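Chain residues, written in single-letter form:
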Amino acid sequence: MIDKRVFATITGVGHYLPEKVLDNKYFETIVDTSDEWIMTRTGIKERRMIEDGATSDLGARAVLDLLKSKNMSPEEIDCIITATVTPDYFFPNTTCLIQQKIGAVNAWGYDVNAACSAFLFALESAAGLVESGKYKKVVVVGADKMTSITDYQDRNNCILFGDAGAAVLLEPTEDPKYGIKDSILRIDGTGRDFLMMKAGGSAMPASEETVKNRLHYIYQEGKSVFKFAVKGMADVSYEIMQKNNLTSEDVAWLVPHQANLRIIDATAQRMGLQKEKVMINIDKYGNTTAATIPLCLVEYYRNGKLKKGDNVILAAFGAGFTWGSLYLVWGMDNV
Ligand code: COA
């Protein structure tokens, strides 16, 4: 008997947002900045901060929200892939901690570290597992406690980041109309010098000196990253449209990584998309790294804007450099 080909499609979503809000007024009290500067340069008004947990708590709560909305038990999960740049520990990986916290006793899994592009990379990996036919229920989590690596004395960076977790469930479908269709993913290690955490790894282990020199925080040359991000994200988002013969009319949604509203606008412009077709929540949550894209999907699906059959392009850019775009057709029934 010949096995039927299966396609990987998103069949469930969930998220978790910490209650504590850090608004721009708060940053005016801790660094030399203004609400006006932050809004015009980044588009960010507020971001969240978790006070009662780590990245695995953000991720676990997002998966529990997903399971509740699906009326599904954690035992059913075959595999969990966690996209994060702020793991609870170097080891064990954050996926093990999420697995234990939600009681996914039949799951295996692993972490993916690709900074702001990690959710895309994890989704691509998960799709491969589902399409192989071996795994039926694969959960992809994007979770980051960015406040744990943010230097609140550095006005260039502290205003940008926030905490959140979000998750999607991937399952096989035999219907070729829906699911993940294509991707263009890229890495370039020469980007290392522009965006990194300098100390704490094997290249520069933690020491009194590294702590004193504040090397355990995000280091970023914002202007350079901005330029690379605009080009990288816009190029691959345009390329994936070309490759799949999609016009701007055909695309229902661009789901861009939420790092800076100006980067998002440039990407949409290159794709010829009107603003109404771009998912944006950077104003409310800032840059939550691996969580931005699934967070958009959850919000826009639950508020009824993301609909079954919509052509959706996900796009991201992050440290490494890492970047990419992924084309999918939304297959969940409308809420
Ligand atoms: N408030 C007020 N002024 C600030 C500030 C703040 N929070 N942060 C920086 N400035 C100042 C700078 O010191 C600089 O002053 P100077 O001209 O006297 O030196 C001035 O504002 C302009 O800084 P610049 O770096 O040119 O601003 P920018 O328009 O490039 O915006 C970022 C800065 C960080 C918002 C922008 O470069 C960016 O978003 N980069 C990408 C970051 C990113 O998304 N990274 C995540 C991975 S994708």
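This text follows the structure it describes.
Residues numbered from 1 in each chain as written. Predicted model: local features only at pLDDT ≥ 70, side-chain atom pairs only at ≥ 80, totals over all residues. Heavy atoms only, no water.

## Concerning the site of the ligand
Working step 1: Neighbouring residues of the ligand: 20 residues in total, closest Thr-33, Arg-41, Gln-220, Lys-223 and Asn-260.
Working step 2: Within the side chain of Asn-156, one N or O atom sits 3.5 Å away from a nitrogen atom of the ligand.
Working step 3: Its free accessible area being 960 Å², the ligand has 76% of it covered by the protein chains.
Working step 4: With 4 residues, helix α8 (residues 222-243) is the single largest residue contributor to the shell around the ligand.
Working step 5: Residue classes in the shell around the ligand are distributed as 8 nonpolar, 7 polar and 5 charged.
Working step 6: Residue assignment places the shell around the ligand across two domains, with domain 1 (7-176) and domain 2 (180-329) each supplying three or more. (Near = heavy atom within 4 Å. Polar contact = N/O pair within 3.5 Å; in protein donor to acceptor, adjacent residues only side chain to side chain. Areas by Shrake-Rupley, 256 points an atom, 1.4 Å probe, with all protein chains shown as cover. Helix = DSSP H or I, 4+ residues; strand = E, 2+ residues; numbered from the N terminus. Nonpolar A, V, L, I, M, F, W, Y, C, P; charged D, E, K, R; others polar. Domains from an automatic or database assignment.)

## Focus: the side chain of Asp-163
Working step 1: Relative to the elements of secondary structure, Asp-163 occurs in strand β7 (residues 163-173).
Working step 2: The charged side chain of Asp-163 is buried without a salt bridge, its nearest counter-charge being Lys-145 at 6.2 Å.
Working step 3: For Asp-163, the side chain forms a polar contact with the main-chain nitrogen of Ile-50, separated by 2.8 Å.
Working step 4: With residues up to four places along the chain from it excluded, the contact list for Asp-163 reads Pro-18, Arg-48, Met-49, Ile-50, Leu-58, Asp-144, Lys-145, Met-146, Thr-147 and Thr-288. (Buried < 20%, exposed > 50% of the residue type's maximum accessible area, 1.4 Å probe, protein only. Lys, Arg positive; Asp, Glu negative; His and termini not counted. Salt bridge = Lys/Arg side-chain N within 4 Å of Asp/Glu carboxyl O. Contact = heavy atoms within 4.5 Å.)

## A closer look at the sheet that holds strand β6 (residues 138-145)
Working step 1: Ordered by their spatial adjacency, 5 strands build an open sheet running β1-β7-β6-β4-β5, and the pairing between neighbours is mixed. On the outer flanks of this sheet lie β1 (7-16) and β5 (108-112), each paired with one strand and no other. Across the sheet, the mean angle separating the axes of adjacent strands is 20° when strand polarity is ignored.
Working step 2: Alignment of β6 against β7, held across 8 bridges, turns out to be antiparallel. Residue pairing in the sheet places Gly-142 in a bridge with Ala-166 of β7.
Working step 3: Contacting β4 (79-83), β5 and β6, helix α4 (residues 94-102) runs over the sheet at an angle of about 125° to β4.
Working step 4: Lying over the sheet, helix α11 (residues 292-302) contacts β1, β6 and β7, oriented at roughly 90° with respect to β1. (Pairing = 2+ DSSP bridges. Axes fitted to C-alpha atoms, helices over the stretch in contact; angles between N-to-C directions.)

## Considering the side chain of Arg-48
Working step 1: With respect to the secondary-structure elements, Arg-48 resides in strand β3 (residues 46-49).
Working step 2: Nearest to the buried, unbridged Arg-48 among oppositely charged side chains is Glu-46, at 5.0 Å.
Working step 3: Within the structure, Arg-48 has its side chain in polar contact with the backbone oxygen of Pro-18 (distance 2.8 Å).
Working step 4: Residues within four places of Arg-48 in sequence aside, it is in contact with Leu-17, Pro-18, Glu-19, Lys-20, Val-21, Thr-147, Gly-162, Asp-163 and Tyr-285.

## Looking at the sheet that holds strand β13 (residues 322-329)
Working step 1: Across the sheet, which stays open at both edges, the 4 strands sit in the order β8-β13-β12-β11 with mixed pairing between neighbours. The outermost strands of the open sheet, each flanked by one partner alone, are β8 (179-187) and β11 (253-256). With strand direction ignored, the average angle separating the axes of adjacent strands in the sheet is 15°.
Working step 2: Where β8 meets β13, 8 bridges bridge the pair, whose relative direction is antiparallel. Opposite Ile-184, over in β13, you have Ser-325 as the bridge partner.
Working step 3: Running over the sheet, helix α5 (residues 118-131) touches β8, β12 (311-318) and β13 and is turned about 135° from β8.
Working step 4: Against the sheet, α8 engages β8, β11, β12 and β13, with an angle of about 155° to β12.

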